[in-house]
Amino acid sequence: MEEILRQVFGDSSDSEDWESEPDPNQRWVQLQTEGIERLWMCRDFLSPRNQSALLSTIQNEGWFTEASHNQAMRFGDLPGWAAELSDSIKEVVLSCGSDSHLIESGSSCGGKKNVSPFSPELLVREPLFDQLILNSYQPGEGICAHVDLMRFEDGIAILSLESSCVMHFSPVEGTSEDFLVDGEKDPLTTKIPVYLTPGSLILMSGEARYQWKHEINRKPGFQKWQGEELNQKKRISITLRKLCQVE
């Protein structure tokens, strides 16, 4: 993984850092145990150093020079850094499929061979992603529950930067009965929390992409993890998707 990220973000002036052993926390975990099929997370996908380099690159784009500008989109030909990020995600996913040690032992498929966060059908498409949306969220700002538009193909990647947050997943109406209690929807169990730290990467495909809504509610009282309220700061998210081909 270090070699792949080096190709994307360049070498550090301290070569010993790059030659050190990869962070043991850099592991994929399939969140199927939470009841969501095809939802994967890579913990510490980017090191703090690589996060800083990426944030500097984004700042140099000049997209958020004014307070009123908090979103940027690109379609088709992505900026060079985003195209390289897309390529690095693909390479890391392919490595995960061939090396079971990259899958966290606590995952529902930990230790199994030939298990990949994306299916072979997704990994053969070129490019893997051709649409970028970059959002800058101030403390208290989030995004409502939604399923990404059907104009995008299966397979979505979300990279989280700067501030930790809790993303909640809830089943799309009519697609799941897992949370019915005596035939009624239980509001206390319909939302599944996923803790995202800076540098973590989420991949959604299949059921997770189409049958589950995701949201980030950063209003007071909603951003809690293990009973503690998170200290919210500015958060940057990078979402990569693939446009559906027009017949």
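Refer to the preceding data block for the structure.
Calculation criteria
Residues numbered from 1 in each chain as written. Predicted model: local features only at pLDDT ≥ 70, side-chain atom pairs only at ≥ 80, totals over all residues. Heavy atoms only, no water. 1 Å grid on protein atoms, 1.4 Å probe; cavity = no way out; pocket = protein on both sides within 12 Å on 5 of 7 lines; lining within 4 Å. Points joined across faces, edges and corners; volume = space filled by probe spheres on them. Helix = DSSP H or I, 4+ residues; strand = E, 2+ residues; numbered from the N terminus. Buried < 20%, exposed > 50% of the residue type's maximum accessible area, 1.4 Å probe, protein only. Pairing = 2+ DSSP bridges. Axes fitted to C-alpha atoms, helices over the stretch in contact; angles between N-to-C directions. Contact = heavy atoms within 4.5 Å.

1. With respect to the layout of surface pockets
The gaps left among the atoms become clear once a water-sized probe is rolled over them. Roughly 320 Å³ of volume is contained in the largest pocket. Considering the residues around the largest pocket, the lining is formed by 21 residues, among which Ile 133, Ile 143, His 146, Asp 148 and Arg 241 are closest to the centre. At the level of elements, strand S3 (71-75), strand S4 (131-137), strand S5 (143-146), strand S12 (212-216) and strand S15 (235-241) are the ones that each hand at least two residues to the lining of the largest pocket. The element that contributes the greatest number of residues to the lining of the largest pocket is S15, accounting for 4 residues.

2. A closer look at the environment of Glu 173
Here Glu 173 lies in the loop between strand S7 (165-171) and strand S8 (180-181). Owing to a relative accessible area of 61%, Glu 173 belongs among the exposed residues under this scheme. Remark: the alpha-carbon pair of Glu 173 and Trp 212, spanning 39 residues in sequence, is separated by 9.0 Å.

3. Focus on the sheet that holds S15
Reading across the sheet, the 7 strands line up as S1-S2-S11-S6-S15-S4-S3 and stay open at both edges, with antiparallel pairing between neighbours. Bordering the open sheet on either side are strand S1 (28-30) and S3, each of which pairs with just one other strand. If you compare each strand with its neighbour and ignore which way they point, the axes differ by 15° on average. Where S1 and strand S2 (residues 39-42) come together, 3 bridges link them in antiparallel fashion. When the bridges of S2 are listed, Val 29 appears paired with Met 41. In the packing of helix H3 (residues 48-61) onto the sheet, contacts are made with S4, strand S6 (156-161) and S15, and the angle to S6 comes to roughly 100°.

4. Considerations on the sheet that holds S12
The sheet built from 4 strands is open, its strands ordered S5-S12-S7-S10 with antiparallel pairing. This sheet does not close on itself; its edge strands, each paired only once, are S5 and strand S10 (192-196). Ignoring which end each strand starts from, the neighbouring axes of this sheet average 20° apart.

5. What to know about unusual backbone geometry
With an omega of -10°, the peptide bond between Glu 126 and Pro 127 qualifies as cis. Counting through the fold element by element, Pro 127 comes out in the loop between helix H5 (120-123) and S4. A positive phi angle is found at Glu 162, which is not glycine, with a value near 80°. Along the chain, Glu 162 turns up in the loop between S6 and S7. Its relative accessible area of 32% is what places Glu 162 among the partly exposed residues. Positive phi outside glycine occurs at Gln 226, with the angle close to 55°.

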